[in-house]
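# An overview of the molecular structure
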Amino acid sequence: MKRHNDIVNYGTIFIIAILLILVFFKLVPNDWYITLLIISLGVLVIRIMFRAYFIYQNKKMKSGG
């Protein structure tokens, strides 16, 4: 489970960084800014949900249940 957490954790950070670089250096048309913002926020929400699930699983395993 630790390996999956690392993949999702670093993968989402990498994706968000790439999207920010594309917008910051204006490598995409201005029309795409809102779309990339929505995608970035979606990825961030997925990351937070996965992180909460991982913490819940860790607590569950430590408590013996």
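Before any of the text, the structure's been laid out above.
Residues numbered from 1 in each chain as written. Predicted model: local features only at pLDDT ≥ 70, side-chain atom pairs only at ≥ 80, totals over all residues. Heavy atoms only, no water.

## Remarks on the side chain of Ser-40
Within the secondary structure layout, Ser-40 lies in helix H2 (residues 33-62). Ser-40 sits in the buried class, given a relative accessible area of 13%. Ser-40 has contacts with Ile-16 and Leu-19, leaving out every residue within four places of it along the chain. (Helix = DSSP H or I, 4+ residues; strand = E, 2+ residues; numbered from the N terminus. Buried < 20%, exposed > 50% of the residue type's maximum accessible area, 1.4 Å probe, protein only. Contact = heavy atoms within 4.5 Å.)

## Side note on the packing of helix H1 (residues 2-24) against H2
Running from amino to carboxyl end, H1 crosses H2 at an angle of 165°, the nearest separation of the two axes being 10 Å. Taken as axis vectors, H1 and H2 run roughly antiparallel relative to one another. Helix-helix and strand crossings are classified by hand; for H1 and H2 the assignment is left-handed. Contact residues: Lys-2, His-4, Asn-5, Val-8, Asn-9, Thr-12, Ile-13, Ile-15, Ile-16, Leu-19 and Val-23 in H1; Tyr-33, Leu-36, Ile-39, Ser-40, Val-43, Leu-44, Arg-47, Phe-50, Arg-51 and Phe-54 in H2. Residue composition of the contact of H1 with H2, grouped by class: 13 nonpolar, five polar and three charged. (Axes fitted to C-alpha atoms, helices over the stretch in contact; angles between N-to-C directions. Parallel < 35°, antiparallel > 145°, perpendicular 65-115°, else oblique. Left-handed = near helix turned anticlockwise from the far one by under 90°. Nonpolar A, V, L, I, M, F, W, Y, C, P; charged D, E, K, R; others polar.)

## Here we look at the environment of Val-43
Locating Val-43 in the fold gives a position in helix H2. By relative accessible area, Val-43 is classed as buried at 15%. For the pair Val-43 and Gly-11, spaced 32 residues apart in the sequence, the C-alpha separation amounts to 9.9 Å. In contact with Val-43, not counting residues within four places along its chain, are Thr-12, Ile-15 and Ile-16.

## With respect to the environment of Ile-46
On the secondary structure map, Ile-46 appears in helix H2. With a relative accessible area of 53%, Ile-46 lands in the exposed category.

That's the geometry; what it means functionally is another story.
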